[in-house]
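Analysis of the macromolecular model
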Number of protein chains: 2
Amino acid sequence: MAQNRVSARGARRREEIVAVAAELFARGGFRGTGMTEIAELVGITEPGLLYHFRNKEGLLRAVIEWRDHRSQEFARDVASLGGLSTIREMPAFAHRNQEEPGLTRLFAVLLAENLDSGAPAHDFFVRRYREMRDLVAGSILVGQERGEIRPEVDPRLKAVEILATLDGISTQWLLDPASVDLVESIETYARTLERDLARAED
Amino acid sequence: MAQNRVSARGARRREEIVAVAAELFARGGFRGTGMTEIAELVGITEPGLLYHFRNKEGLLRAVIEWRDHRSQEFARDVASLGGLSTIREMPAFAHRNQEEPGLTRLFAVLLAENLDSGAPAHDFFVRRYREMRDLVAGSILVGQERGEIRPEVDPRLKAVEILATLDGISTQWLLDPASVDLVESIETYARTLERDLARAED
DNA sequence: TTTTCCTTACTTAGTTGTTAGTAAGTAATC
DNA sequence: GATTACTTACTAACAACTAAGTAAGGAAAA
């Protein structure tokens, strides 16, 4: 077929399609978005899309992979700091999400759509969250080794909690941005966390 | 039409349908679940469903209302305790969710499907989360008046954070129950919260 | 430099399956 | 004997996807 061939023109077109699809999937979900809708916005016919992507699921995969790269890069950078420094980067993370709500929304919507095992991207999200938890837990462990973080903290449980809170705040913000201030909420949470993790010595 | 008439037989049938629909919406979402699928599982034809419910969205509304009643009852009971007592009821909340994952899953899936304003149940979820935040914030305020909770805590921001964490933990558990222990995670979070909210006096 | 020719990037037209929802008639129930 | 609770038969719209043909681009040959 065609997807394997590397052609500058085609690659550019594919990126264009992926960007549009990401936008629409973020709004309406995978199941709620039709190929026609995507095609129309790209300025192509429906079979034109299917020339570039084997099928709708292939397009979904491309969207996820593309967006995941950027997202994981950032996460890895932040986590590599280790310990409390990682936590202090959380407001930056919030700012980025606020300015680019598409990414945040895309993953929130797709995650829920793929909770069920058997859903097209279920395994991807299982893997992703395991990796993220490992990343955060590792960062906590580093903090404990440095003596910045209380040793009684269970890194794995705290990782679940931190990711949960960040996701949950983002979701409430996406639902009702007039009522929930993303940056303020995450900044406050970061302070809470710092207080929580730091050894009680004052 | 028919929905207004009150007939014992019909009411029972409607409940039956709502229960089945809730189960299927929880697995596959609203958009991912067909009327035929629901009808088949109820043991009725598709137009048979539409006799009881004006259309698919009407069925969704019925499902949400039904499940929301039970859910909010519980939330109200717990919040009425006020202060730290409310937080100490969180493990019970976790146990209930674990034993009845349908409800948890239903709301997680439907919430994400309705993030977009214009989605059929968007307004419902906006209202629901505002109410829940008010409920939790009120409970924190009570705790502060009693002197159980530090006065520096911002009740509204802490309410966002608490709901976020509970939702986020539930979602991770739904996605990957083998990796995330719902009850343990929430119990640990409850302890964290108690430590966080209590005045620092030891 | 122009012609040849293959590959890439599509289009038009159509298929098949499924969707929510309707119209009209019928069986059960009170 | 009317109201309630359906059924069968259908429709119109739309879903993802396929088949087959074509236009444009770029590289190589004449």
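Rules of the game
- Residues numbered from 1 in each chain as written.
- Chains lettered and ligands numbered in written order.
- Predicted model: local features only at pLDDT ≥ 70, side-chain atom pairs only at ≥ 80, totals over all residues.
- Heavy atoms only, no water.
- Contact = heavy atoms within 4.5 Å.
- Buried area = accessible area lost by both parts, 1.4 Å probe.
- Salt bridge = Lys/Arg side-chain N within 4 Å of Asp/Glu carboxyl O.
- Polar contact = N/O pair within 3.5 Å; in protein donor to acceptor, adjacent residues only side chain to side chain.
- Least-squares fit on C-alpha atoms with pLDDT ≥ 70 in both.
- Helix = DSSP H or I, 4+ residues; strand = E, 2+ residues; numbered from the N terminus.
- Buried < 20%, exposed > 50% of the residue type's maximum accessible area, 1.4 Å probe, protein only.
- Patch = residues over 30% accessible without salt bridge, like charges linked within 9 Å, V, L, I, M, F, W, Y side chains within 5 Å.
- Areas by Shrake-Rupley, 256 points an atom, 1.4 Å probe, with all protein chains shown as cover.
- Lys, Arg positive; Asp, Glu negative; His and termini not counted.
- Charge placed at Lys NZ, Arg CZ, Asp CG, Glu CD.
- Core = buried A, V, L, I, M, F, W, Y, C linked by side-chain atoms within 4.5 Å.
- Axes fitted to C-alpha atoms, helices over the stretch in contact; angles between N-to-C directions.
- Parallel < 35°, antiparallel > 145°, perpendicular 65-115°, else oblique.
- Left-handed = near helix turned anticlockwise from the far one by under 90°.
- Nonpolar A, V, L, I, M, F, W, Y, C, P; charged D, E, K, R; others polar.
- Expected span 1.5 Å × (residues − 1).

Turning next to the interface of chain B and chain A. One widely used convention gives an interface's size as the accessible area the parts lose upon coming together. Chain B puts 44 residues into the contact, and the matching count from chain A is 44 residues. Summing the contributions of chain B and of chain A, the shared interface buries around 3800 Å²; its carbon and sulfur component is 57%. By the criterion of area lost to chain A, the three top residues of chain B are L115(B), Q172(B) and L175(B), representing 19% of everything that side buries. Measuring nitrogen to oxygen at the nearest pair gives 3.7 Å for the salt bridge that ties D116(A) to R27(B). Counting across the chain B and chain A interface gives 19 residue pairs in polar contact (both at pLDDT 80 or more).

Okay, the relation of the copies chain B and chain A next. Of the transformation placing chain B onto chain A, the axial shift is 0.0 Å and the rotation is 180°, giving an RMSD of 0.1 Å. What the superposition gives is, in effect, a two-fold axis relating one chain to the other. Scanning chain B for the C-alpha nearest the rotation axis identifies T165(B), at a separation of 2.1 Å. Taken as a fraction of all interface residues of chain B, those also at the interface in chain A reach 100%, which identifies the copy contact as same-surface.

The subject of this paragraph is the environment of A26(B). Residues and elements named next belong to chain B. Assignment of secondary structure puts A26 in helix 1 (residues 8-28). Sequence-wise, A26 and I87 are 61 residues apart; in three dimensions their C-alpha atoms are separated by 27 Å. What A26 contacts, discounting residues up to four positions off in sequence, is G102, R105, L106 and V109.

All right, on to the pattern of salt bridges then. One pass over the structure, following the stated rule, counts 36 salt bridges over all chains. In this structure, R146(A) engages E148(A) in a salt bridge whose closest nitrogen and oxygen atoms are separated by 3.5 Å. Classification of R146(A) by relative accessible area gives partly exposed; the value is 45%. Taking relative accessible area as the criterion, E148(A) reaches 26% and is therefore assigned partly exposed. For the salt bridge of E100(B) with R67(B), the shortest nitrogen-to-oxygen distance reads 3.5 Å. A residue pair is termed long-range when its members are at least 10 positions apart, and E100(B) in the loop between helix 6 (90-99) and helix 7 (101-113) and R67(B) in helix 4 (residues 56-81) qualify at 33 residues. By relative accessible area, R67(B) is classed as buried at 8%.

Together, D154(A), D181(B), E184(B) and E187(B) make up a negatively charged patch on the protein surface. Along the polypeptide, D154(A) turns up in the loop between helix 8 (122-146) and helix 9 (155-175). Here D154(A) falls in the partly exposed class, since its relative accessible area comes to 35%.

With 62 residues, the main nonpolar core has F25(A), I38(A), L59(A), V63(A), F125(A) and M90(B) as its most contacted residues. Sequence-distant contacts of V63(A), defined by excluding residues within four places in its chain, comprise V18(A), A21(A), A22(A), F25(A) and L106(A). Counting residues in each nonpolar core, the second largest holds 61 residues, with L84(A), I149(A), W173(A) and A22(B) among its members.

Residue and element names in this part refer to chain B. With respect to the helices, strands and loops of the structure, T104 is situated in helix 7. Among the residues examined, T104 registers a relative accessible area of 11% and is labelled buried. Excluding anything up to four places from it in sequence, T104 contacts N97, S170 and L174.

For the rest of this paragraph, the subject is the environment of G143(A). Residues and elements named next belong to chain A. Relative to the elements of secondary structure, G143 occurs in helix 8. G143 sits in the buried class, given a relative accessible area of 0%. Once the C-alpha coordinates of G143 and F74 are considered, the two residues, 69 residues apart in sequence, prove to be 19 Å apart. Setting aside anything within four residues of it in sequence, one finds G143 in contact with G83, E148 and I149.

Moving on to the packing of helix 9 (residues 155-175) of chain B against helix 10 (residues 182-197) of chain B. All names here are of chain B. At a minimum axis distance of 10 Å, the contact between helix 9 and helix 10 shows a crossing angle of 165°. Classified by the angle their axes make, helix 9 and helix 10 are roughly antiparallel. Along this stretch, helix 9 crosses helix 10, giving a crossing that reads as right-handed. Counted together, K158, E161, I162, T165, L166, I169, S170 and W173 of helix 9 and L182, S185, I186, Y189, L193, D196 and L197 of helix 10 form the full contact between these two elements. In terms of residue class, the contact of helix 9 with helix 10 is made up of 9 nonpolar, 3 polar and 3 charged.

Another point: the environment of P155(B). Residue and element names in this part refer to chain B. With respect to the secondary-structure elements, P155 resides in helix 9. The exposure class of P155 is buried, given its relative accessible area of 16%. Sequence spacing of P155 and F25 is 130 residues, and the spatial spacing of their C-alpha atoms is 34 Å. If near-sequence neighbours (up to four positions away) are discounted, P155 is found in contact with A137, I140, L141 and Q144.

All names here are of chain B. With 26 residues, helix 4 should reach 38 Å at 1.5 Å per residue; the first-to-last C-alpha distance of 38 Å fits that figure. The backbone nitrogen of E57 lies 3.3 Å from a side-chain oxygen of the residue at the head of helix 4, namely N55. Trailing helix 4 by a residue or two, G82 shows a phi angle of about 80°, which is positive.

By themselves these figures say nothing about function.
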